[in-house]
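Examination of the molecular architecture
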Amino acid sequence: MEAGAAGAGIHVVALYVVVLWVPGLLLGWLAGMRGWTLAAGAPLLTYTVAGLAGPAFSAARISWTPASAGVLLAILTAGAAALRWSARRRNGATEDDVEAHWAGRVHLAVAAALTAVVVFGAVVIWTGIGRLSAVPQDWDAAFHANGIRWIADTGDSSLVGMGSVNWYEDGVHVYYPNAYHLVAATVLRLTSAGIPTVLNAQTVLLPGICALVVVALVHRLRGRAVLAVAAAACSVSITSFYDMLWRGPLLPFVTGAALMPLVAVLVLDLLDAGTGRSRMAPGLLFASGLVGLICLNPATLFSAVLFVVPALGQRWASRPSLLRREPLVILGAGVVAAVLALPQLLASLGSAEGAPFDWPATLSQLEAVGQLLTLSHGGLPPQWCLVVAAAVGLARYGNLSQLRWIGVAGAAFGALFVLSASSDAFWVNAITRPWWNDRWRLIGLCVVPIAVVAGHGLAELQRSTAAALGAAARMSRGDSKVTAGVSRAAPIVAVGIVGALFVGASNDLYVDRNVARMRLSAPDGPVVSSLEVDAMHALAAVVPAGQRVLNDRGDGSAWMYAIAGVLPVAGHYNASRIGPDAQLLADRFNRYPDDPAVQAAIERLNISYVMLDRGFVRSSWSRAPGLVGLDGASWLDKVYENPDAVIYRIRSGIPSRP
């Protein structure tokens, strides 16, 4: 990696951190969030604000720009500050509650360790993709990239606007939640970086976001600091997390999945807030968290429900009297969230009316269970160090105390994974539909529960090691002061021993394995190569403004808009619900000289150029039938060619075949 490119990339990552955290930090602090919950919850609040503001801006005909988003943030901040001042004046000035679960020096130690974990996760991603400007090669990336550029170029922040890159005929509108894209478009407008760099700048943050959320969760449920750090380290070593970032990549979903455990923190904050007015701010924060997940990806809301129900079950099982009022409190906050996110919910219901997608089940139940228990999904070797740590955690499960419920959440996600991987039954497809019947998503949701249980195992090993060191010091019958000093230092020494053994035995937290997985995301081709990127820039130099370019839906040319600002006929690999003209040209464009229907479609879509790329998004795909045999056609002029791409101009007039 060249130093200049790396420096530019770090600049974009730093800008993304500012854009993603600062709004949430301001609003969260004014609403009463503090400490680890505030640090972890800030991105979720930022996505909530963006996701709600986007459709509102569109309805009010306000363009989404950094300036308009900044004005909105200023208004919201001023309003929140006024409400906070009014509440403090009405109720009397009181000091903010400071959680004393960990001592101050412990918070600093956890922050230092977490920083190392965050950097480690970012290095895994960055090393795997090679450079921040690398183009992700799989299916979903083109859609997200085109959507971000659409918002940045047009200011259209509606729930269907960015889909018009691919769906633009016959009034067809395709909904997709756009909080992720709105924040990314803001970053894009604030920097001169390309779309792939913006995509990857957020991607390198995702393991660290997950680790931060794990620490916040453990702290809120009064877990030990050693457990928090160990669980965070385990979360960035589990390969199933990275599998969602090279396959797809599933960027809005993974963002929501990483932030999803915060819902447990927010609902417990709400329920512990007391009664009456004291619940207003926590209730709004909980509702905002639900809205943020909906605006990122509705599937993560379903995930949050499965994740939180066991936590509530443990709470109410120990104090049944709480069942008289707490479900109604949660329901009330849920109603607020539903009202706030009504446009997204209605659009989601509309998009859910179509036929569900069914990924073929390719594993037996025994194989699926084996891959889940040994962390060997995708044909990889088991992650034995994590398996052993989790086994120790299960053996000492009672010591998890307020976090015991997390195993139930993990079992629920694991069961859905096993079902989706091993069965094509109708009822299986029905219950896994919110996750597109995709076992890769479902096993990815197991990462946080597994990380906490494995981290608990490491923390218990540290506890036992510290006890053994202290016992050995006391049995030595040496100087009493030395013995006392050794006993005091034993927990820290035990952290070093257990940590060094785990890191060494796992080959540096499975770094090579996970880097290798990320290398699947963004090599130079086969779908979009650097030569194809060059061709897209050449295309932008010749295509008149407002024209679409005819391209093959199966090759990498769908990226031409994201990379070069040229609208394609096929703006995504997905051909469902595309218009009749786009389908006709894919089937019969090579009959242009003597097919009036093709000629009319070319005129209606205002097409003068054709681009074909070498690589296809699926190795089994081939050239669309209507785009076969164009080389040498008398009615096309070849205006650009390199080994991976070719550009033709359609000659004016309609020639006749000899």
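A short tour of the structure in this document, coming up. It should be emphasised that the depicted structure is a prediction, and the values quoted were computed from it without experimental measurement. The residue numbering used here restarts from 1 in each chain and proceeds along that chain's sequence as written. It should be noted that, the model being predicted, local features are given only for residues of pLDDT at least 70 and side-chain atom pairs only at 80 or more, the latter also being counted only at that level, while totals for whole chains, interfaces and linings use all residues. Side-chain figures throughout are based on the complete set of non-hydrogen atoms in the structure, without hydrogens or water.

Before going further, it helps to examine the overall build of the protein. Helical segments are the DSSP runs of H or I of at least four residues, strand segments are the runs of E of at least two, and each set is numbered from the N terminus. Summing up its helical and strand segments, the protein has 28 helices and five strands in all. Here the globule rule is a power law, 2.2 Å times the number of residues to the power 0.38, and the radius of gyration is based on C-alpha atoms. In summary, the protein has a C-alpha radius of gyration of 27 Å against a globular reference of 26 Å for 658 residues, a match within 12%. Dimensions of the protein along its principal axes, counting C-alpha atoms only, are 105 × 60 × 55 Å. A contact between two residues is defined here by any heavy atoms of the two lying within 4.5 Å. Looking at the protein alone, contacts between residues at least 24 apart form 75% of all its contacts between residues at least 6 apart. Within the structure as shown, the protein displays about 26900 Å² of accessible surface, and the carbon and sulfur contribution to it stands at 64%. For every accessible area listed, the method is Shrake-Rupley and the probe measures 1.4 Å; residues are considered covered only by the protein chains on display.

This next bit is on the pattern of salt bridges. A pair is scored as a salt bridge if a Lys or Arg side-chain nitrogen falls within 4 Å of a carboxyl oxygen belonging to Asp or Glu. Under the defined criterion, the tally for this structure stands at 20 salt bridges. Residue R463 is joined to E460 by a salt bridge in which the shortest nitrogen-to-oxygen separation is 3.1 Å. Of the two residues, R463 and E460 both sit in helix α22 (residues 447-475), three residues apart, roughly one turn of that helix. Burial classification: accessible surface area is computed with a 1.4 Å probe over protein chains only, and a residue below 20% of its type maximum counts as buried, one above 50% as exposed, and the rest as partly exposed. The class of R463 is partly exposed, set by a relative accessible area of 36%. A salt bridge links R649 to D637; the shortest N-O distance between them is 3.5 Å. Of this pair, R649 sits in strand β5 (residues 645-650) while D637 sits in strand β4 (residues 636-642); the two residues are twelve residues apart in sequence, bridging distant segments of the chain. The class for R649 is partly exposed, based on a relative accessible area of 32%.

This part is about the state of the cysteines. Any two cysteine sulfur atoms lying within 2.5 Å of each other are counted as a disulfide. On inspection of all chains with the given rule, the structure shows zero disulfides. Unpaired in this structure, C234 has its nearest cysteine sulfur neighbour in C385, at a distance of 10.0 Å. Take C234: its relative accessible area is 0%, and that puts it in the buried class. Taking the relative accessible area as the measure of exposure, C385 reaches 16% and is therefore buried.

Mapped onto the secondary structure, G457 falls in helix α22. Sequence separation between G457 and W246 is 211 residues, and the spatial gap between their C-alpha atoms is 29 Å.

Here the focus is the nonpolar core. With 215 residues, the main nonpolar core has Y16, F307, W405, W559 and F589 as its most contacted residues. Counting residues per element, this core draws most heavily on helix α8 (residues 206-220), which supplies eleven residues. Those residues in contact with Y16 that lie beyond four places of it in its chain are Y180, V183, A184, V187, V198, A201, Q202 and L205. By nonpolar core we mean a set of buried residues, namely Ala, Val, Leu, Ile, Met, Phe, Trp, Tyr and Cys, connected to one another through side-chain atoms within 4.5 Å.

The end-to-end C-alpha distance of helix α24 (residues 507-518), which contains twelve residues, comes to 17 Å, matching closely the 16 Å that a straight helix rising 1.5 Å per residue would cover. Residues L509, Y510, V511, R513, N514, V515, R517 and M518 constitute the buried set of α24. Each helix should span, by expectation, one fewer than its residue count multiplied by 1.5 Å.

Okay, the packing of aromatic side chains next. In this scheme Phe, Tyr and Trp rings, the latter by its six-membered ring, pair at centre separations within 6.5 Å, and the angle between planes marks the pair as stacked below 30 degrees, edge-to-face above 60, and tilted otherwise. Scanning the entire structure with this criterion turns up 14 aromatic pairs. Relative to Y573, the ring of W139 lies with its centre 5.6 Å away and its plane at 55°, an arrangement referred to as tilted. Here W139, found in helix α5 (residues 139-154), pairs with Y573, found in the loop between β2 (567-568) and α27 (580-588); they are 434 residues apart in sequence, far enough to count as distant. According to the relative accessible area criterion, Y573 is buried, its value standing at 2%. Each ring, one from W246 and one from W440, has its centre 5.9 Å from the other, and the planes form 85°; the classification is edge-to-face. A residue pair is termed long-range when its members are at least 10 positions apart, and W246 in helix α10 (residues 239-246) and W440 in helix α21 (residues 439-444) qualify at 194 residues. A single burial state applies to W246 and to W440, both of which are buried. Members of the aromatic cluster, joined through ring pairs, are W139, Y573 and W621. For a lysine, the NZ atom is tested; for an arginine, the CZ atom; a charge sits over a ring if that atom is within 6 Å of the ring centre and within 35 degrees of the ring normal. Across from the ring centre of Y561, 5.9 Å away, lies the NZ or CZ of R149, which sits over that ring. Its end group placed over the ring of F253, R441 keeps NZ or CZ at 5.5 Å from the ring centre.

As a further point, take the pairing of strand β3 (residues 607-613). Moving residue by residue along a regular strand, the side chains alternate between the two faces of the sheet. Within β3, six of the seven residues are buried, which leaves the element mostly enclosed by the surrounding structure. Note that strand β1 (residues 548-551) and β3 share three bridges and pair parallel. Paired with R548 across the bridge in β3 is I607. DSSP bridges decide pairing: two strands pair if at least two such bridges lie between them. Relative to β5, β3 runs antiparallel, the two sharing five bridges. Looking at the pairing, M611 lines up with I647 of β5.

Patch membership needs two things, relative accessible area over 30% and no salt bridge, and members are linked within 9 Å if like-charged or within 5 Å if nonpolar (Val, Leu, Ile, Met, Phe, Trp, Tyr). On the surface, L328, L331, V335 and V339 cluster together into a nonpolar patch covering about 410 Å² of accessible area. Within the secondary structure, V339 sits in helix α15 (residues 326-340). V339 sits in the exposed class, given a relative accessible area of 58%.

The next point concerns unusual backbone geometry. What you tend to see is this: most non-glycine residues have negative phi, and most peptide bonds are trans. With an omega dihedral of -20°, the bond running from G248 to P249 counts as a cis peptide bond. On the secondary structure map, P249 appears in the loop between α10 and α11 (251-259). The omega angle of the peptide bond from G525 to P526 is 10°, so this bond is cis rather than trans. Among the structural elements, P526 can be located in the loop between α24 and α25 (530-540). Look at R577: it is not a glycine, yet its phi comes out positive at around 65°. Tracing the backbone shows R577 in the loop between β2 and α27. The class for R577 is exposed, based on a relative accessible area of 52%.

So, on to the pairing of β4. The sheet contact formed by β4 and β5 spans six bridges and is antiparallel. Bridge pairing in β5 links E641 to V646. Following β4, the chain reverses through two residues before pairing antiparallel with β5.

Each axis is a line fitted through C-alpha atoms, taken for helices only over the stretch in contact, and angles between the N-to-C directions span 0 to 180 degrees. Interhelical geometry of helix α13 (residues 280-296) versus α15 gives an angle of 50° and a closest axis separation of 8 Å. As summarised for this structure, α13 and α15 are arranged oblique, according to the angle between their axes. The two elements α13 and α15 meet at a crossing, and its hand is right-handed. Here G283, F286, A287, L290 and V291 of α13 lie close against α15, whose contacting residues are I330, A333, G334, V336, A337 and L340. The residue inventory of the contact of α13 with α15, partitioned by class, reads nine nonpolar, two polar and no charged. Each angle is binned into one of four classes, with values under 35 degrees roughly parallel, values over 145 roughly antiparallel, values of 65 to 115 roughly perpendicular, and all other values oblique. Throughout, a crossing is termed right-handed when the near helix is turned clockwise from the far one, and left-handed when it is turned anticlockwise from it by less than a right angle. In the scheme used here, Gly and all other residues not listed as nonpolar or charged are polar, with Ala, Val, Leu, Ile, Met, Phe, Trp, Tyr, Cys and Pro taken as nonpolar and Asp, Glu, Lys and Arg as charged.

When you line up the elements, L83 lands in helix α3 (residues 66-91). By relative accessible area, L83 is classed as exposed at 64%. Spatially, the C-alpha atoms of L83 and A31 are 9.0 Å apart, while their sequence positions differ by 52 residues.

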